[in-house]
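A look at the structure
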Amino acid sequence: MLSKEIYRDGRHQWFVFGRDPDKPDGIIDTNQYMIKSGDKALLMDPGGIELFAAMLAAIVKHVPVDQITHIFASHQDPDIISSLGLWDRTLKGATLHASGLWEGFIRHFGMDTISYDAIPDEGSKVTIGNTSIEFIPAHYLHSSANFHVYDAEAKILMSGDVGAALEGPGAAMEVEDFDAHTAHMRYFHQRWMPSNKAKNEWIESVSKLDIELMCPQHGRMFRGDDVKRFLDWFNKLDVGIANN
Amino acid sequence: MQQKDNNFGTEHFVAASIVAAELHQATRVARDISLTAGNAKALALRAGDSARGFRALTDFIDELAKLTIKTAEHVNKLAVDISREAADSTRTLHAIDHFETAIKKAGEAQYSNTLTPALNEAKQQRDKALQAFNSQVWKLKTQLDDLARELRAGLVLSAMSRVEATQVGEDHAVSLQVIASKVAEATESIRNHIEKSQQCFAHIH
């Protein structure tokens, strides 16, 4: 599995994990992210059961496993968090941050030792080591209770399914040609996101943030001006096409 | 060892579920016997002195039915516990597989040694679960054996009932013979369910 540092300053680092060549056929390719600060680390959308061993192997290149003190699940889907039962056997005293609305559902993945920090609908903040990050509401994009992670210091937005793209194996980690990339994003956003109203509210809220890197859970990351290009493109896109 | 562990995981929670289902059927049959025993007692009373021997047997039949129900319910709970235990162990074995794969994949990674505690703990959990499982299975097998023994007594009783039924006056003989046959059929049916249950765990120990 590819693992790459995507940000570093004196206080913290961001990593991306993905493009696992041993991933079984028929499961969607996913990106996982991690923030390391001091002796704490936050693992974001750690992925499905089938990815667990590869993720664990990739993580220990960067941090001791007992320093993963926080896990974040943007929503309840299996490609996001079905590995929870295995993380539960791996980590001691870690906290899972996810929507309070999904707690009763997410716990079905198996959770005895990890504690659950229910994020309220309006979002919240948490400190990881020396860094403070924010859980930003992204409800109905595409889950009814859904959050993204914003790091104002690094100017990075982990945007869950927003900005996701479906491509063949081995695609690059960053968008290189935005216009060409829209072909891989259109159907995903139109079909998996149900509400234009929710989409517009999210764009309005995110446009106020200073974002240098936008990191979706599938596909490629958007850097610099491509973030703005994405917001403009998304703004014009009609979503919820199953009912149109 | 790995193959044995995998078999443990994949086979035994299914086997325990099958036992639970078989014993559920046995309980239903035992309830029928209990009703039959009630009818037999009433009939034997009406038949008078000539059915005295049969009447005494009905108490035994009733006791046997109650014992079957009680034991089956207890064993059924045990089987459900075993099934749960085996399912938990399967998850632990699954976790061990993942940890071993991760350690292999991590190779010389800087912090790969930090994966060892999780692997060791999972292995300890597996050993503990195997011990608990074996102890539960042993209890279940003992209970099934006890019940099978009681049922053998039941078969003797039903044979005696038939003999006693022939001693009763003509008015009631046929009815009591029918009851005796019903008891024999039901006992045989329960015996079959118990035998199938015993076979599920016959290869253990």
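Every value quoted in this text rests on a predicted model; they were computed, and no experiment measured them.

A few words now on the packing of aromatic side chains. Residues and elements named next belong to chain A. On inspection of all chains with the given rule, the structure shows 11 aromatic pairs over all chains. Ring geometry for Phe72 and Phe135: centres 5.1 Å apart, planes at 5°, overall stacked. Residue Phe72 is located in strand S5 (residues 68-72), and its partner Phe135 is located in strand S9 (residues 131-137); the two are separated by 63 residues in the primary sequence. Both residues of the pair, Phe72 and Phe135, belong to the buried class. An aromatic cluster is built from Phe178, Trp202, Phe222, Phe230, Trp233 and Phe234, whose rings are joined through pairwise contacts.

The next subject is the environment of Leu2(A). All names here are of chain A. Mapping Leu2 onto the fold places it in strand S1 (residues 2-8). According to the relative accessible area criterion, Leu2 is partly exposed, its value standing at 30%. Sequence-wise, Leu2 and His148 are 146 residues apart; in three dimensions their C-alpha atoms are separated by 22 Å. Leu2 has contacts with Val16, Phe17, Gly18, Arg19 and Met173, leaving out every residue within four places of it along the chain.

As enumerated under the stated definition, the model contains 24 salt bridges over all chains in all. The partner of Glu201(A) in a salt bridge is Lys197(A), and the shortest N-O contact between them spans 3.2 Å. Taken as a pair, Glu201(A) and Lys197(A) lie in helix H6 (residues 196-207) at a separation of 4 residues, close to a single helical turn. Take Lys197(A): its relative accessible area is 60%, and that puts it in the exposed class. For the salt bridge of Asp62(B) with Lys66(B), the shortest nitrogen-to-oxygen distance reads 3.3 Å. A residue pair is termed a helical-turn pair when its members lie 3 or 4 positions apart in one helix, as Asp62(B) and Lys66(B) do in helix H2 (residues 52-106) at 4 residues. Judged by relative accessible area, Asp62(B) falls into the buried class, the value being 15%.

The next subject is the confidence of the model for chain B. Residues and elements named next belong to chain B. For chain B, the mean per-residue pLDDT works out to 81, and 93% of the residues sit at or above 70. The secondary-structure element of chain B with the lowest mean pLDDT is helix H1 (residues 2-47), recorded at 75, while helix H3 (residues 116-166) shows the highest, at 85. Scored as a whole, the predicted complex attains pTM 0.83, and scored at its interfaces, ipTM 0.89.

With that out of the way, let us pick up the sheet that holds strand S4 (residues 40-44) of chain A. Residue and element names in this part refer to chain A. Read from one edge to the other, the open sheet built from 7 strands follows the order S1-S2-S3-S4-S5-S6-S7, with strand pairing classed as mixed. In this open sheet, the two edge strands, each paired with only one partner strand, are S1 and strand S7 (115-119). The average angle at which neighbouring strand axes cross in this sheet is 20°, direction not considered. Bridge analysis of strand S2 (residues 12-18) against strand S3 (residues 32-37) gives 6 bridges, and the strand direction is antiparallel. Paired with Trp14 across the strands is Ile35, a residue of S3. Sheet strands in contact with helix H1 (residues 52-59) are S1, S2, S3, S4 and S5, and its direction is about 145° off that of S2.

A word on the interface of chain B and chain A. Between chain B and chain A, the residue contacts involve 20 residues of the former and 18 residues of the latter. With both sides pooled, the region where chain B packs onto chain A buries about 1,500 Å², and carbon together with sulfur makes up 67% of that total. The three residues of chain B that bury the most area against chain A are His98(B), Lys105(B) and Tyr111(B), which together make up 35% of that side's buried surface. Seen at the junction of chain B and chain A, the total is 2 salt bridges. Of the charged contacts in the structure, one is a salt bridge between Lys92(A) and Glu121(B), with a shortest N-O distance of 3.1 Å.

Conventions and cut-offs
Residues numbered from 1 in each chain as written. Chains lettered and ligands numbered in written order. Predicted model: local features only at pLDDT ≥ 70, side-chain atom pairs only at ≥ 80, totals over all residues. Heavy atoms only, no water. Phe/Tyr/Trp six-rings, centres within 6.5 Å; stacked < 30°, edge-to-face > 60°. Helix = DSSP H or I, 4+ residues; strand = E, 2+ residues; numbered from the N terminus. Buried < 20%, exposed > 50% of the residue type's maximum accessible area, 1.4 Å probe, protein only. Contact = heavy atoms within 4.5 Å. Salt bridge = Lys/Arg side-chain N within 4 Å of Asp/Glu carboxyl O. pLDDT = per-residue confidence, 0-100. Pairing = 2+ DSSP bridges. Axes fitted to C-alpha atoms, helices over the stretch in contact; angles between N-to-C directions. Buried area = accessible area lost by both parts, 1.4 Å probe.

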